[in-house]
Amino acid sequence: MIPARDMTPAELAALLHFYADAGVEWLVEEEPVDQVAAFLAEREAKTVLVDAARGGVADATGAAGAPIARDRPARERPAAKPAEPQRIQAMAIPDEHAVTDARFAAESARSLSELKTALEGFAGCNLKTSARSTIFANGDPAGGIMVIGGMPSADDDREGEAFSGRAGQLFDRMLASIGLARSGIVLTTVIPWRPPGDRAPTKLEADICRPFIDRQIELAEPRLVLLMGNFTARFFFNAQETIHGLRGQWRDIAGGSHAVPALACLHPLELLAAPAGKALAWRDLLDFRRRIDSGN
């Protein structure tokens, strides 16, 4: 392994990008650190200091002014107060009531701002426990365009916004190629919290999150929706095919009391992993632009 100090700036930047794409969030020391041993040593040092302090006080204040021997038996020393058990925050485990609670919370919101507040206060999904940010619809609903990704990436979770980092830079270029910008559309994700290790959400986790994304679509009232990525296309199309079998297809998805036309396209993260798919994504983007211009 080449030490970081021996790398050129370009090599170091490439390595950091690789770590970010791999999901690394914390930097560590070059040599391993035994945190358990360090904790035990620190605790032992504190115990020695406490015993020494107690012995000094006892020698100076013995009964009738007589000094007390430092080497008195341990059984005569006052018993140490037992440490309080550490309080660990309980993790929210999804159950059969979580979906009902999520549906009630989502349907009670009468605006996107109310829905955001409801989502941030919702504690019925375990994904929220490990995530740093809650990703919610961001942008301008007046444009009539909504883009939905699958789940937050490490960059999204860190920045608190969908389509961040390298994938976000590619996404901005994709939008610009068809005359769009993120400031003029609505961006969001199906799953509002990044799953640990970027794993796929379970079916129950997805079911819990569904009322919130469905309500976002209903309140934003988009005219057209662009679905980015494999998970998103399967989620809304209720299909088992991969994104390569679903991309380029227009299908209606639920938007409250009305249906909204939606097109599936490759996600920027998928294009970074397999750049050959950019030609397919370009076709889908052109098709999306034609649909915008047609007004249908």
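Details of the structure are given in the entry above.
Residues numbered from 1 in each chain as written. Predicted model: local features only at pLDDT ≥ 70, side-chain atom pairs only at ≥ 80, totals over all residues. Heavy atoms only, no water.

**Side note on the packing of aromatic side chains**
Quick note on the threshold: Classification of ring pairs rests on two measures: the distance between centres of Phe, Tyr or Trp rings, Trp counted by its six-membered ring, which must be within 6.5 Å, and the angle between planes, read as stacked under 30 degrees, edge-to-face over 60 and tilted in between. We call a residue buried when its accessible area falls under 20% of the maximum for its residue type, exposed when it is over 50%, and partly exposed in between, using a 1.4 Å probe and counting protein chains only. Secondary structure follows DSSP: runs of H or I at least 4 residues long count as helices, runs of E at least 2 residues long count as strands, and numbering of each begins at the N terminus. Criterion for a charge above a ring: Lys NZ or Arg CZ within 6 Å of the ring centre, and within 35 degrees of the ring normal.
According to the stated counting rule, one finds five aromatic pairs in the structure shown. Between Phe235 and Phe236, the aromatic rings sit 5.1 Å apart at their centres with planes inclined by 80°, giving edge-to-face as the arrangement. By relative accessible area, which is 12% here, Phe236 ends up buried. Ring plane angle 5° and centroid distance 5.9 Å describe the contact between Trp250 and Phe288, whose orientation is recorded as stacked. Here the residue Trp250 occupies a position in strand S5 (residues 250–255), and Phe288 occupies one in helix H12 (residues 278–294), the gap between them amounting to 38 residues. The class of Trp250 is partly exposed, set by a relative accessible area of 24%. Grouping aromatic residues by their ring pairs yields a cluster made of Phe231, Phe235 and Phe236. Seen from the ring of Phe235, Arg210 lies directly overhead, with NZ or CZ sitting 3.9 Å from the centre. A cation over an aromatic ring shows up here: Arg291 above the ring of Trp250, its NZ or CZ 4.5 Å from the ring centre.

**Considering the environment of Thr188**
The criterion, for reference: A contact between two residues is defined here by any heavy atoms of the two lying within 4.5 Å. N or O atoms within 3.5 Å of each other form a polar contact, as long as, within protein, one can give a hydrogen and the other can take it, and as long as residues adjacent in sequence are counted only when both atoms are side-chain atoms.
Mapped onto the secondary structure, Thr188 falls in strand S3 (residues 186–189). The spacing of Thr188 and Gly149 is 39 residues in sequence and 6.3 Å in space, taken between C-alpha atoms. With sequence-adjacent residues up to four places away left out, Thr188 is seen in contact with Phe136, Ala137, Met146, Val147, Ile148, Gly149, Ala162, Phe163, Ile213 and Gln216. In terms of polar contacts, Thr188 uses its side chain to reach the side chain of Gln216, at 2.8 Å.

**Notes on the pattern of salt bridges**
Filter applied, for reference: When a carboxyl oxygen of Asp or Glu lies within 4 Å of a side-chain nitrogen of Lys or Arg, that pair is called a salt bridge.
For the coordinates displayed, the defined rule picks out nine salt bridges. Linking Arg247 and Asp284 is a salt bridge whose minimum nitrogen-to-oxygen distance equals 2.8 Å. Highlighted residues: Arg247 in the loop between helix H10 (243–246) and S5 and Asp284 in helix H12, separated in sequence by 37 residues. Given a relative accessible area of 2%, Asp284 falls into the buried group.

**Quick word on helix H4 (residues 112–121)**
We count it as follows: Our arc is simply the arc of the directions from the helix axis toward the C-beta atoms.
Where H4 is concerned, the buried positions are Leu112, Leu115 and Leu119. Looking down the long axis of H4, one finds its buried residues gathered within 55° of arc, a one-sided arrangement. Every exposed residue of H4 that faces more than 90 degrees away from the buried side is listed here: Ser113, Thr117 and Gly121. Where H4 is buried, its residues contact helix H3 (98–108), helix H5 (127–130) and helix H8 (203–220).

**Quick notes on unusual backbone geometry**
Here the phi dihedral of Phe163 falls at roughly 60°; this positive angle occurs in a residue that is not glycine. Examined against the element boundaries, Phe163 turns out to sit in the loop between helix H6 (154–159) and helix H7 (165–177).

**Focus: the nonpolar core**
As a reminder of what qualifies: Nonpolar cores were defined as sets of buried Ala, Val, Leu, Ile, Met, Phe, Trp, Tyr and Cys residues, with membership established by side-chain atoms within 4.5 Å.
Counting residues in each nonpolar core, the largest one holds 65 residues, and the members touching the most others are Ile148, Phe236 and Phe288. Here this core takes seven residues from H8, the largest share from any one element. Excluding anything up to four places from it in sequence, Phe288 contacts Ile145, Ile178, Leu180, Leu224, Val225, Leu226, Trp250 and Leu263.

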